[in-house]
Amino acid sequence: MVQEKSSAEITHYFDWAATSPADGDILRTSLEKTLDAFGNPSSVHAAGQKAKKLLEEARTSCAKSLGVEPGQLIFTSGGTESDHIPLLSVLTKPAKGKILVSAIEHPALREECAMLARLGYTVEQISPDKNGFVQPAALAEKITSDTQFVTVMAVNNETGCIQDIQAIADAITAASAGKRKPHFHVDCVQAAGKIPLDITHKGIDSAAFSAHKICGPRGIGLLYLAKPLQSFLVGGGQEQNIRSGTENVFGALAFAGCLNRYFIKKSDDKTFTSQKQWTGDFVKALAQIKGASLVPSCRIDQVFADKFSPYVVQAAFKGIPGKVMVRALDAKGFCISTGSACSAKKQSHPILQAMGLSRDIQDTAVRFSFGPLTSEQGMQDLLAAVQDVCKTFA
């Protein structure tokens, strides 16, 4: 079973930020359990309660991995829904207040905020600095008495920038002194299993997770809620009446298994430290290629080494359109991307635009993203392939 993970296809797969290869052992075990427990978890008969028991075991396991209480976790259909549930809870409030969204958010939040703006909500974007970081003080300045919701992602899906969500949470709390604190939501889809992560910091009200980014199946996500909220979407009352619909027991079990195996709690995690070393070498080598530039450029500076996830690297190659680089590497057996898979069809670069980068950089940028099955040799192979493509276009 394990041998399949060492295939050339997995070794040369560098689009983990889009989706990850599934952990076959975990998925098979989860499927076998749910084939036996086939009942509806909401049913009161023995078959239903058997499935319910597995669901709650999965929730408890996820909670242990994340360091939270089981009752604070809601199973969803994925990262997008886990982002939408807290955001759309503003629709349950009598007044249309203000929403603050960082300009580097995933489309799941950025586009949904735009939809709320069309419904009459005041939506303000928080621009990052030139390196892609949201400054807590800049965000705090925008908080007013009618601010209802603030969202900033933990790790950017294109640049790998790690946002200081704890400092941002503190800034929001301080700026809200004497008035109602807005709900602070964190998209952790690219953070779980990629950086040491703690979502229990006071002031973080909710967080979104997705299984298929850390070797789990598609179609299952988690929503962390520090305390219950009123969901705009209602139905059968499952998941504490926050996410109605028959629960995906298989997905929940698989997600629990993946969090248990891949979630990173400490900075001395062996896989994490190895990836930091490999990515550091990879970044230095990319910077030596004629016409190549790191995005953002500070990525090469050692001072910023701990401010980026070692699992995402973005670079631009002068004179080589991003799509051309993707196709050229694909022909050599390597999978990369030009950025977010959810924005690929739109051919837009809102994150790079928000950082004030030139159109040339936007058009020639590509993303290399890694995961727990990435190998040092595989990254060396990738570097050689990139160097070969660049020589061809020199």
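Residues numbered from 1 in each chain as written. Predicted model: local features only at pLDDT ≥ 70, side-chain atom pairs only at ≥ 80, totals over all residues. Heavy atoms only, no water.

Asks: I would appreciate a short explanation of the side chain of aspartate 23 in the present structure.
Replies: Locating aspartate 23 in the fold gives a position in the loop between helix 1 (8-11) and helix 2 (24-36). Aspartate 23 gets classed as buried once you look at its relative accessible area, which sits at 0%. In terms of polar contacts, aspartate 23 uses its side chain to reach the backbone amide nitrogen of aspartate 25, at 3.2 Å. (Helix = DSSP H or I, 4+ residues; strand = E, 2+ residues; numbered from the N terminus. Buried < 20%, exposed > 50% of the residue type's maximum accessible area, 1.4 Å probe, protein only. Polar contact = N/O pair within 3.5 Å; in protein donor to acceptor, adjacent residues only side chain to side chain.)

Asks: Help me understand the sheet that holds strand 7 (residues 221-225) in this model?
Replies: Hydrogen bonds between backbone atoms are what pair the strands of a sheet, whose relative direction is either parallel or antiparallel. The strand order across the open sheet built from seven strands is 1-7-6-5-4-2-3, with neighbouring strands paired in mixed fashion. Bordering the open sheet on either side are strand 1 (73-76) and strand 3 (122-126), each of which pairs with just one other strand. For this sheet, the mean angle separating the axes of adjacent strands, direction not counted, is 20°. In terms of strand pairing, strand 2 (residues 98-102) meets strand 4 (residues 147-151) through four bridges, oriented parallel. Note on strand 4: the bridge partner recorded for isoleucine 99 is phenylalanine 149. (Pairing = 2+ DSSP bridges. Axes fitted to C-alpha atoms, helices over the stretch in contact; angles between N-to-C directions.)

Asks: Teacher, can you tell me more about unusual backbone geometry here?
Replies: Of all residues except glycine, most have a negative phi; of all peptide bonds, most are trans. Here the residue pair valine 295 and proline 296 is connected by a cis peptide bond, since its omega of -5° sits within 30 degrees of zero. A positive phi angle, near 75°, is found at cysteine 215, a position not held by glycine. Along the chain, the position of cysteine 215 falls in the loop between strand 6 (206-210) and strand 7. One non-glycine residue, asparagine 241, lies in positive phi territory at about 65°. Assignment of secondary structure puts asparagine 241 in helix 8 (residues 238-242).

Asks: Help me understand the confidence of the model for the chain, please; the structure alone is not making it clear to me.
Replies: Where the model shows low pLDDT, its predicted coordinates should not be examined in detail. Of the residues in the chain, 96% reach a pLDDT of 70 or more, and the chain-wide mean stands at 94. In the model, residues 1-5 has pLDDT below 50 throughout and makes twelve contacts with residues more than four positions away in sequence or in other chains. (pLDDT = per-residue confidence, 0-100. Contact = heavy atoms within 4.5 Å.)

Asks: It is not clear to me how helix 5 (residues 107-118) should be interpreted in this structure. Could you clarify?
Replies: Think of an α-helix as 3.6 residues a turn; residues three or four steps apart then line up on the same face. A rise of 1.5 Å per residue sets the reference length of helix 5, with its twelve residues, at 16 Å; its end C-alpha atoms lie 16 Å apart and thus fit the reference within 8%. Along helix 5, the residues that are buried comprise Pro107, Ala108, Leu109, Arg110, Glu112, Cys113 and Leu116. Summarising the contacts, the buried residues of helix 5 are in contact with helix 4 (79-88), strand 2, strand 3, strand 4, strand 5 (183-187) and helix 12 (350-354). Phi turns positive, to about 110°, at glycine 120, one or two residues after helix 5. (Expected span 1.5 Å × (residues − 1).)

Asks: Where do I start with the pattern of salt bridges in this structure?
Replies: Side chains that differ in sign of charge can pair as their charged atoms come close. Inspection of the entire model under this criterion finds 16 salt bridges. The partner of lysine 53 in a salt bridge is glutamate 57, with the nearest N and O atoms 2.5 Å apart. Of the two residues, lysine 53 and glutamate 57 both sit in helix 3 (residues 46-66), four residues apart, roughly one turn of that helix. For lysine 53, a relative accessible area of 52% puts it in the exposed group. Since its relative accessible area comes to 37%, glutamate 57 is described here as partly exposed. Residues arginine 59 and glutamate 239 are paired through a salt bridge, measuring 2.8 Å at the closest nitrogen-oxygen approach. Here arginine 59 is found in helix 3, whereas its partner glutamate 239 is found in helix 8, with 180 residues between them in sequence. Accessibility classification places arginine 59 together with glutamate 239 in one group, the buried group. Connected via shared salt-bridge partners are Lys52, Glu56, Arg59 and Glu239. (Salt bridge = Lys/Arg side-chain N within 4 Å of Asp/Glu carboxyl O.)

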